[in-house]
Amino acid sequence: MPAVPSAVAVRFSHIHVYTDHVRPLLEYKKLEAKLNDFAVSLSQVEKSAGEAGLDVASGRQAWIMQGSKHGDPVKRVCEPDDFKPSGQDLVEQLLVGMGWRVTGCGDDADSATRSVLLTSSDPEGVRFVLTSHKSSRLDQLVSPEEAAAKRSRTEVAKFDHFDAEHLRRFATCHNGRQGIAVLGFVVPAGGLDSIWAKYAELHPKLILSESAKVYAGAKILEVYAYYKGETGSSDADQGTVLRFIEVAEDAAFTVLPGLDRVEAKFGSVSQPAYCDHWVSNVISRTGFLKTLEDTLGFTPKVDFNAGVVAAGEAQIESTVTGNSPDVSLQDKQSALKDQSQVYLPINNALSEVGHVNIFLREIGQGVQHIASRVEDLGALIQRANENRKMTGAGFSFLQVPMSYYGYLTSKQLVTDAKLAPEAAERCLAALRGAGLLDSKNIVALDATKEGVTAALPEEMRQQPGVIEFILRARYSNLYKLLRDHLSEEAYLRIVRNHILVDIQGEDLLLQIFTSKILMRNDGEEAPFLEFIQRICSESLDSSGCPRKIKPGCGGFGIRNFLTLFLSIEVSKASGARAEAEKRGDHRAASFEVQRVEAFTAQLDESNPILTAISDAMTAEGIALEKGDTQEAIRLCKG
């Protein structure tokens, strides 16, 4: 056995999703053809007045007209207003919502499973492999009768990673649910032996099979990701798997043996996407951290204290761990495309309520979400939202309370716009009367300078800066962070599409979360996706040369970490309120309204505190970079 290094070089490779249904390749290619023709027809659709985007009504008609040629090759045909995230086909969602395409397929006639590979327009970026059983849903695989029938068969898949037994094993450990079953990493030649040696020495219970699987052009090692309880002493949790693959230069397959390359045409608006971080919900956060350090040399990068990550009574702890690759990122494009920096955030629950706790109770330990990095998040999400409104398919996203972005109060008008208290109240009343300010003091996104001017009393129209201040209230919280670094159009696109913003030093992070995916029924816990944009500082060092860009510039959104969990709770409360209203249960509906208001109030109160914490963490990192340990300790304690 070769000498074991302290850390093995690993890179992001792929995620492997086990789902109820993967349809035949031809059906997805029909949908791709319709989407490509639809994209061409949209070039004739004018932008809607007053909104930075397409005329959705005209786009809807263009989509319907495509039906005469292409039909409706979607799983669930519905009116856009009737779209809901449950019961969706994830392949279809990625095709419609993100502009990805099927670029690989494994569908042997003798195999019990069918698999497809989805990528963005850069095949070296994100890679989602989806596998399903050809005749059974995952929950059916764990039913006593079905499981017995499957086990009685003697067939063995040509490629072990596509064997139906893995689907049954995963489903058994995850309450029959669909999910992200495997996190895949590429390792260099010899790396597999090194990782095997570490697991055999320190964590033998986690080894999935007696030896690595060898195929033409590849060698694959799989291990269980987590223990059921205490690290080392408890048994392996046989749900989620880590997969390590050595790929020969002359390999004929794409991503995994058994996946044949498939031709794909990407639309003009499709953006390349790259792996950024993969998040787990676990019972023992410290245990998983230790396992990754023992075997891969991973070390913690960011800690979120439990007191920070709390939404109502829901509390969690979270740590971002990862490798330390010897990579130099010289420009924006290299930072965007780099797949050598691996980040694995890990969450555990501290309370009996909240999303992480419910996830662990309903599903078990597993991958909570997958984050992918793009160059222009605003444009991507704008089009994803438009596509859903035009086609009735794709993705919906977690709705962030509008107060996250900004609001307008009489106190602000007095303090910042220099109005007298009485004038400030009259200003608000005038804006409400014109429909430009709602009951929660949110300024209408479509408000214009002309509209605000017409609504205000004559004497206020002449007050310097008042109209500009009112319009800026639509994104005032963001403006306090970013000032004039973004245009008004960019700010409004962020607000309109419910994108979250964070800043660390001179680096900016934009992020958004989809509604839950792989969810059979409304209200079930399930994973979700995250899409982010990292805007890295291009500052100069003391010698006048461009500073190297740090992997993960912009951080992981400590200001937004709370917003994510609050948004999840708000979405649940909003759904519960809708159900209560349908039942005519006004008392329950009123209670859910109060919950939404409580979570929103917590968000408003926490924003300045989280900003201060984020600033302190940035300063601590700069101090450590300069070798000023004492200053770093002071900031950490302060």
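Just so we're clear, the structure is a prediction, and the values are computed from it rather than from any experiment. Within each chain, residues carry numbers counting from 1 in the order of the written sequence. Note on the predicted model: pLDDT of at least 70 is required for a residue's local features to be given, and 80 or more for side-chain atom pairs to be given and counted; whole-chain, interface and lining totals, by contrast, use all residues. Side-chain metrics in this entry use all non-hydrogen atoms of the structure; hydrogen atoms and water are not considered.

Moving on to empty space enclosed by the protein. In the cavity and pocket records, a cavity denotes points on a 1 Å grid over the protein atoms alone where a 1.4 Å probe fits but cannot get out, a pocket denotes an open set with protein on both sides within 12 Å along at least 5 of 7 lines, and lining residues are residues with an atom within 4 Å of a point. Grid points are joined across faces, edges and corners, and a volume is the space filled by probe spheres set on the points. Throughout the structure, instances matching the rule amount to 7 cavities of 30 Å³ or more. Roughly 200 Å³ of internal volume is contained in the largest cavity. Contributing to the lining of the largest cavity are 18 residues, with Val96, Gly99, Val269, Arg383 and Asn387 lying nearest its centre. Helix numbers and strand numbers start at the N terminus; a helix is a DSSP run of H or I with at least 4 residues, a strand a run of E with at least 2. When residues of the lining of the largest cavity are traced back to their parent elements, those giving at least two are helix H1 (25-42), helix H3 (90-98) and helix H11 (377-391). Three classes are used: nonpolar for Ala, Val, Leu, Ile, Met, Phe, Trp, Tyr, Cys and Pro, charged for Asp, Glu, Lys and Arg, and polar for all others, with Gly counted as polar. Looking at the lining of the largest cavity residue by residue, the classes come out as 10 nonpolar, 6 polar and 2 charged.

As a further point, take the nonpolar core. Definition used in this section: a nonpolar core is a set of buried Ala, Val, Leu, Ile, Met, Phe, Trp, Tyr and Cys residues joined via side-chain atoms within 4.5 Å. The rule is simple: take the accessible area with a 1.4 Å probe, protein chains only, and divide by the maximum for that residue type; under 20% is buried, over 50% is exposed, in between is partly exposed. Counting residues in each nonpolar core, the largest one holds 107 residues, and the members touching the most others are Leu118, Phe128, Phe185 and Phe244. What Phe128 contacts, discounting residues up to four positions off in sequence, is Ile15, Leu94, Trp100, Val116, Leu117, Leu118, Ile370, Ser372 and Leu529. Here a residue-residue contact requires only that any non-hydrogen atoms of the pair lie within 4.5 Å.

Next up on the list: the state of the cysteines. Here, two cysteine sulfur atoms that lie within 2.5 Å of each other are counted as a disulfide. In this structure the tally under the stated criterion is 1 disulfide. The side chain of Cys536 participates in a disulfide bridge whose partner is Cys553; the two sulfur atoms lie 1.9 Å from each other. For the disulfide bridge between Cys536 and Cys553, the dihedral angle about the S-S bond is near -70°, and by the sign convention the bridge is left-handed. In this pair, Cys536 is assigned in the loop between strand E18 (528-535) and helix H19 (558-583) and Cys553 in the loop between E18 and H19, connecting sequence segments 17 residues apart. Here Cys553 falls in the buried class, since its relative accessible area comes to 3%.

In this structure, Gln66 sits in helix H2 (residues 56-70). Leaving out residues up to four positions away in the same chain, Gln66 has contacts with Lys34, Asp37, Phe38, Ser41 and Gly71.

Pairing of aromatic side chains here covers Phe, Tyr and the six-membered ring of Trp, requires ring centres within 6.5 Å, and sorts the geometry by plane angle: under 30 degrees stacked, over 60 edge-to-face, intermediate tilted. Tallied over the entire structure, the rule returns 13 aromatic pairs. Consider the rings of Phe185 and Phe244, whose centres lie 5.8 Å apart with planes at 25°: the pair is stacked. Of the two residues, Phe185 is situated in strand E5 (residues 179-186) and Phe244 in strand E8 (residues 236-247); the sequence distance between them amounts to 59 residues. An aromatic cluster is defined as three or more aromatic residues linked by ring pairs; in this entry it consists of Phe12, Phe185, Phe244 and Trp278. We call a charge positioned over a ring when the NZ of a Lys or the CZ of an Arg lies within 6 Å of the ring centre and within 35 degrees of the ring normal. If you follow Lys34 out to its NZ or CZ, it ends over the ring of Trp63, 4.0 Å from the centre. In this structure, Arg472 packs its charged tip against the face of Tyr479, placed 4.2 Å from the ring centre.

Now for the pairing of strand E1 (residues 11-18). A regular strand carries its side chains on alternate faces of the sheet. Most of E1 sits inside the fold, with 7 of its 8 residues counted as buried. Bridge analysis of E1 against E5 gives 7 bridges, and the strand direction is antiparallel. Bridged to His14 within E5 is Gly184. Note on pairing: two strands pair once DSSP finds at least 2 bridges between them. Pairing geometry for E1 and strand E4 (residues 127-133), over 4 bridges, is parallel. From the neighbouring strand, His16 faces E4, where its bridge partner is Val129.

So, on to the confidence of the model for the protein. The quantity called pLDDT is the predictor's confidence in a given residue, expressed from 0 to 100. Residue-level pLDDT values for the protein average 87, and 86% of them are 70 or greater. Below a pLDDT of 50 lies the segment residues 1-5, which in the model reaches 10 contacts outside its immediate sequence neighbourhood of four places, other chains included.

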